Amino acid sequence: MDHVVIGVDPHKLSATIEVVDQHEHLLGSGRFSTDQAGYAAMRAYAKTWPKRLWAVEGANGAGRPLAQRLLEAGEHVVDVPAKLAVRVRLFDTGHNRKTDAHDAHAVAVVAVRTTNLRVLKVDGELEAMRMLADRREALTRRRVQTVCRLQALLAELLPGQAKRDITTGQAKAMLATVRPRDIAGKTRRRIAAEELAELIAVEAKIKKATAELKAMVLARESRLMDIHGVGAVVAARILADVGDVARFADRNRFASWTGTAPLDASSGEQNRHRLSRAGNRRVNHMIHIAAVTQLRLDTEGRAYYRRKRADGKKPQEALRCLKRRISDAIYKQLVTDAVRAEGADPGGHCGASQESSAVDLPPHIDTSDQPLPDPQTRRYAAPPGTRKSQPVGTLASTG
């Protein structure tokens with residue numbers, strides 16, 4: 001292995017690099033802007049070493065734009081989790097000051113010492129799916145804001161007739177019944193009409209984006225939507241954020257990445273676990289949506305939830321058990337799809353290799369389901385056989 005490693009500490013407007021060999025000897029360093037001129041200067045500087053490997057910190061986060069540009073240019077790029085870089089910097093000798101140069105050095109050292117970092121690949125379909133999923137999420141937030149503004153205006157125009165979950169048809173019918181004559185009322189109605197028109201346009205865009213995401217998921221021959229509660233939007237977000245499922249050694253690593261695996265908080269003879277707030281929160285939210293959907297329908301998930309409640313689990317704990325179960329099902333389906341796509345036999349479990357690695361390289365965790373309760377609550381019906389005075393189930397809105 002005679003190639004060099006270029007550690008990159010990326011930022012929005014600049015990127016600091018450090019070049020080291022396989023013995024971690026410093027060969028070069030520099031700081032470049034991320035515009036066209038700075039990127040060209042960085043590439044020209046890196047050409048000094050024909051055999052090079054780029055190690056970008058947070059290639060799924062702040063380093064994504066730079067990593068994608070390098071991949072499009074034909075460079076070899078690996079993703080260095082920020083947690084690993086922090087560990088190297090903390091245990092390094094010296095004053096341990098945090099600077100961009102020290103961060104780039106830590107990233108390069110991680111790439112030299114770690115053999116199972118995730119190798120980035122160009123996948124235009126997944127990148128397009130990720131952008132479209134982000135776009136739909138932004139449209140959904142915009143729709144919520146528009147509905148809130150519209151409801152506030154309707155509450156002033158028609159006191160006492162406001163609806164909790166209003167549709168565009170209901171809003172149009174309500175506006176048709178009011179004809180204010182004062183200037184304030186006329187202005188209020190005009191703004192409400194504009195908000196209604198914006199709501200109609202946003203919902204049309206959401207519907208179009210959902211259809212496109214469904215077509216993309218089906219085009220990749222993914223069967224994630226076969227899982228109860230996993231629709232086109234949930235499946236697209238999971239596929240876009242997971243990427244290559246082979247980077248997860250097993251279902252426990254995947255559950256730790258999705259935030260559905262509780263953290264061991266045992267001490268002495270006390271055996272307990274607490275809720276994990278780590279992991280990919282967007283994917284965790286998608287799994288939460290799938291779990292809530294299963295609870296509302298007559299599915300195996302609802303039966304599993306009721307069994308956990310009957311065993312003495314609190315409603316939130318039972319829900320987290322269900323989320324962990326869904327996480328395992330998603331991982332199994334992703335592995336099955338990957339094996340089928342690669343044409344491997346069922347014995348070649350692509351996700352079972354110990355050489356794979358997750359983005360955050362979480363430690364090995366167990367499958368216990370005794371985390372702490374969530375702060376936010378929502379009501380669900382208690383399982384059959386419980387007293388009416390018993391509190392009904394609760395769950396967090398974001399999982």
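Provided above is the structure to which this section pertains.
Residues numbered from 1 in each chain as written. Predicted model: local features only at pLDDT ≥ 70, side-chain atom pairs only at ≥ 80, totals over all residues. Heavy atoms only, no water.

Considering helix α6 (residues 168-176)
Since the α-helix turns once every 3.6 residues, residues separated by three or four places project in the same direction. So the rule is basically this: Per-residue accessibility, obtained with a 1.4 Å probe over protein chains only, is compared with the maximum for each type, and a residue is labelled buried under 20%, exposed over 50%, and partly exposed between these values. Put simply, DSSP H or I for four residues or longer makes a helix, DSSP E for two residues or longer makes a strand, and each gets a number counted from the N terminus. Directions drawn from the helix axis to the C-beta atoms are what define this arc.
Buried residues of α6: A171, M174 and L175, and no others. Burial along α6 is one-sided: seen end-on, the buried residues are contained in an arc of 100°.

A word on the packing of helix α9 (residues 251-258) against helix α12 (residues 315-342)
Note the threshold: For helices, the axis comes from a line fit to the C-alpha atoms of the stretch in contact; other axes are also lines fit to C-alpha atoms, and the angle between any two N-to-C directions lies between 0 and 180 degrees. Every angle not falling under 35 degrees, over 145, or within 65 to 115 is termed oblique; those three ranges are roughly parallel, roughly antiparallel and roughly perpendicular. Crossing handedness is defined as follows: a turn of the near helix away from the far one that is anticlockwise and smaller than a right angle gives a left-handed crossing, while the clockwise case is right-handed. Any two residues whose heavy atoms approach within 4.5 Å at even a single point are treated as in contact. Think of it as three bins: nonpolar holds Ala, Val, Leu, Ile, Met, Phe, Trp, Tyr, Cys and Pro, charged holds Asp, Glu, Lys and Arg, and polar takes everything else, Gly as well.
One can describe the packing of α9 onto α12 by two numbers: an axis separation of 9 Å at closest approach and a directional angle of 120°. With respect to their mutual orientation, α9 and α12 come out oblique. The element α9 and its partner α12 pack so that their crossing is right-handed. On α12, the residues that touch R251, N252, F254, A255 and T258 of α9 are R324, S327, D328, I330, Y331 and L334. Residues belonging to the contact of α9 with α12 are distributed by class as follows: five nonpolar, three polar and three charged.

A closer look at the nonpolar core
Note the threshold: The set of buried Ala, Val, Leu, Ile, Met, Phe, Trp, Tyr and Cys residues whose side-chain atoms join them within 4.5 Å is what this entry labels a nonpolar core.
Judged by nonpolar contacts, the single largest core of 39 residues is most densely connected at L224, I330 and L334. At 11 residues, α12 tops the list of elements feeding residues into this core.

Concerning a nonpolar patch on the surface
Rules: Exposure above 30% relative accessible area and the lack of any salt bridge qualify a residue for a patch; like charges then connect within 9 Å, and the nonpolar side chains Val, Leu, Ile, Met, Phe, Trp and Tyr within 5 Å. Residue burial considers only the protein chains on display, and all accessible areas are found by Shrake-Rupley using a 1.4 Å probe. Salt bridges are defined as contacts in which a side-chain nitrogen from Lys or Arg sits within 4 Å of a carboxyl oxygen from Asp or Glu.
A grouping of V86, L90 and F91 is seen on the molecular surface, where their side chains present a nonpolar patch of about 320 Å² in accessible area. Mapped onto the elements of the fold, V86 is located in helix α3 (residues 82-91).

Section: the sheet that holds strand β4 (residues 52-57)
Definition in use: At least two DSSP bridges between two strands are required for those strands to pair.
Strand order in this open sheet of six strands is β3-β2-β1-β4-β5-β6, and the pairing throughout is mixed. Bordering the open sheet on either side are β3 (26-33) and β6 (118-119), each of which pairs with just one other strand. Seen against the sheet, helix α1 (residues 36-46) touches β1 (4-10), β2 (14-20), β3 and β4 and runs at an angle of roughly 170° to β3.

Quick notes on the pattern of salt bridges
Using the criterion set out here, one finds 27 salt bridges in the structure. Among the ionic pairs, E127 bridges to R64, the shortest N-O distance being 3.3 Å. In this pair, E127 sits in helix α5 (residues 124-157) while R64 sits in helix α2 (residues 64-72), placing the two residues 63 residues apart along the sequence. Across this residue pair, the class does not change: E127 and R64 are buried. One salt bridge connects R282 with D241, and the closest N-O pair in it is separated by 3.2 Å. Of this pair, R282 sits in helix α10 (residues 281-296) while D241 sits in helix α8 (residues 232-242), placing them 41 residues apart in sequence.

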